[in-house]
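Remarks on the overall topology
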Amino acid sequence: MLSGGGYYASSSSILVSDAYTLATSDARPQTVRLLYPFVSSLNSLGKNRPVLTLDGETLETELHAGSYAGGFQGAWENWPETHENPGSLNLLALDSWEGYRDLLADGTYLRRALGDFADLSHIPVTVYEFTGAWGPEANSNAGIPNPTIRVMFQLDYEKTTVLSYGFHASYYDREAGVMGKGFSIREEGERGYGIPYYLIVMGDDVEDIRCQGCATGGWDTKKTVEAGVTVTRRESDLETALRQAAGFLYQEMVESGNYFEEEPDDGFELYFGLLKEHLTAYGVLSDNGAARYDSGGIEELDVTGVARVFWLEAEVTIPAEGSVTVCAAFEKDPSFDFCCAASENKGVSGYDLVTSLGSNLAFTRQTAVLEDRGQVEIVRQNFGFDPENGITRVTLDGDQPHYYLEVRKAPAD
């Protein structure tokens, strides 16, 4: 069932009630494992997560998260087709149902989502922790409220990989074997005050670490200020080092409201697992990493904001020679909103429905119902709805993989 208008008349979302009648002719009860897919980001999980019910009673579910459902593109993707620009500086999200069809086609994506996250404890690292950064009180009066701590060190780029947390400036000179990282000294009361900064070094250790206070974060800044920071070195493993740094990052995101509208009990473990996955698949630990993550900053990894396919897992028992009804209810934003389209599409929102994508159920019949509240008018569709003539329930064609509905807000009387 598709209900237009969401919870409010001004909403562009729709309320979806996706119901399945599961039946068996077996003389014994049948217990089945259900996996219900939906698309969301971690940031929007609280809004997009469906509620599963069995004959009207809420089911207990386990959440499984898929990988980033997209790819990467260059910074000039709109140049003429003759221009070669493979690049990987920008995200390239899936923008069609066919993209999700291809993503789920061979089952690899689902198997990863149901598996365990990688354990990186076998990788030795050297951790440099930076704490207690300070600058003179006179800086505020001199118009330098947040001077920068600049950290410079030597390394062999071929033998050393550096991850960081908290640093927002980087400098690279491969020929000279020099790298730099920088951060602004936060004052008491500012977000992030008191949180340590980390360099996580894999391979050969870095050498000749020097810390200097600078007036600004630019690498061409020559004006220095009196400032300092305490540096602590220790040996560890990548799993432990990443967990510690990610813990501070997670805390910052939760406190700022940028992660999970409704945080699950295992929110950090899910986030940490997906961070490790993104780092090893696309970051500096990947053999074919994206240029987007070349700095090695773990906070720059796109973990919480990108779209991915989730699954809700539940166990359901169908009585002998009987049936049960499983329903997923959720609010659905437009699949496409034509926000920058020409005048004929201004104000149009599009919604997609796929009939069997990723499913191994044998469907005997599928129907769609449009609950018309008089709030929208249909612009384009292939369902066959005709509310003006009372046709709000239609039988879907099992051979038709994709249905679409495009609507705009109905004009006021």
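None of these values were measured; they are calculated from a predicted model.

1. Quick look at the confidence of the model for the chain
Low-pLDDT portions of the prediction should not be read for the details of their coordinates. Looking at the chain as a whole, its pLDDT mean stands at 88, while 88% of the residues score no less than 70. For the chain, per-element mean pLDDT is lowest for strand β1 (residues 2-4), which scores 45, and highest for strand β14 (residues 197-203), which scores 98.

2. Some details on the sheet that holds strand β15 (residues 207-214)
Read across the sheet, four strands follow the order β12-β13-β10-β15 without closing on themselves; strand pairing throughout is antiparallel. Single-partner strands in this sheet number two, and they are β12 (169-173) and β15. Looking at each pair of strands side by side, their axes are set apart by 15 degrees on average, direction ignored. For β12 and strand β13 (residues 178-184), the ladder comprises five bridges, and the chain directions are antiparallel. Its bridge partner being in β13, Y172 is matched across the sheet by M179.

3. Here we look at helix α5 (residues 238-255)
The end-to-end C-alpha distance of α5 is 26 Å, a good match for the 26 Å that 18 residues give at a rise of 1.5 Å each. Every buried residue of α5 is listed here: L238, E239, A241, L242, A245, A246, L249, Y250, E252 and M253. Looking at the packing, one finds that the buried side of α5 touches β9 (124-134), β11 (160-165), β14, β16 (228-237) and α6 (267-282). Sitting at the amino-terminal end of α5 is D237, which places a side-chain oxygen 3.1 Å from the backbone nitrogen of E239.

4. Re the nonpolar core
Counting residues in each nonpolar core, the largest one holds 64 residues, and the members touching the most others are L238, L242, Y271 and F383. Of all hydrophobic cores here, the second largest spans 17 residues; its members include Y128, F130, L155 and L199.

5. Observations concerning the side chain of T148
Tracing the sequence through the fold places T148 in strand β10 (residues 148-154). Here G217 takes part through its backbone nitrogen, which lies 3.3 Å from a polar atom of the side chain of T148. Apart from residues lying up to four places away in sequence, T148 is in contact with G182, F183, S184, Q212, G213, C214, T216 and G217.

6. Brief notes about the packing of aromatic side chains
Counted by the stated rule, this structure contains 19 aromatic pairs. Their ring planes at 90 degrees and their centres at 5.5 Å tell us that F130 and F167 sit as a pair that is edge-to-face. Here the residue F130 occupies a position in strand β9, and F167 occupies one in the loop between β11 and β12, the gap between them amounting to 37 residues. Taken as a pair, F130 and F167 share a single burial class, namely buried. Through a chain of ring-to-ring contacts, the aromatic side chains of Y68, F72, Y282 and Y293 assemble into a single cluster.

7. Some thoughts on the sheet that holds strand β21 (residues 376-381)
Taken together, three strands build an open sheet; the order of strands is β19-β23-β21 and the sheet is antiparallel. Each having just a single partner strand, β19 (348-354) and β21 make up the two edges of the open sheet. Between one strand axis and the next, the sheet turns by 30 degrees as a mean value, whatever way the strands run. In this structure, β19 lies alongside strand β23 (residues 402-409), joined through seven bridges in antiparallel fashion. Looking across to β23, one finds that L353 is bridged to Y403.

8. Here's the deal with helix α2 (residues 97-104)
Inspection of α2 places W97, G99, Y100 and L104 among the buried residues, and these make up the whole buried set. Taken around the axis of α2, the buried residues stretch over an arc of 155 degrees, which confines them to a single face. On the buried face of α2, the contacting elements are β3 (30-40), α3 (108-114), β17 (308-318), β19 and β23.

Definitions and limits used
- Residues numbered from 1 in each chain as written.
- Predicted model: local features only at pLDDT ≥ 70, side-chain atom pairs only at ≥ 80, totals over all residues.
- Heavy atoms only, no water.
- pLDDT = per-residue confidence, 0-100.
- Helix = DSSP H or I, 4+ residues; strand = E, 2+ residues; numbered from the N terminus.
- Pairing = 2+ DSSP bridges.
- Axes fitted to C-alpha atoms, helices over the stretch in contact; angles between N-to-C directions.
- Expected span 1.5 Å × (residues − 1).
- Buried < 20%, exposed > 50% of the residue type's maximum accessible area, 1.4 Å probe, protein only.
- Contact = heavy atoms within 4.5 Å.
- Polar contact = N/O pair within 3.5 Å; in protein donor to acceptor, adjacent residues only side chain to side chain.
- Core = buried A, V, L, I, M, F, W, Y, C linked by side-chain atoms within 4.5 Å.
- Phe/Tyr/Trp six-rings, centres within 6.5 Å; stacked < 30°, edge-to-face > 60°.
- Arc of directions from axis to C-beta.

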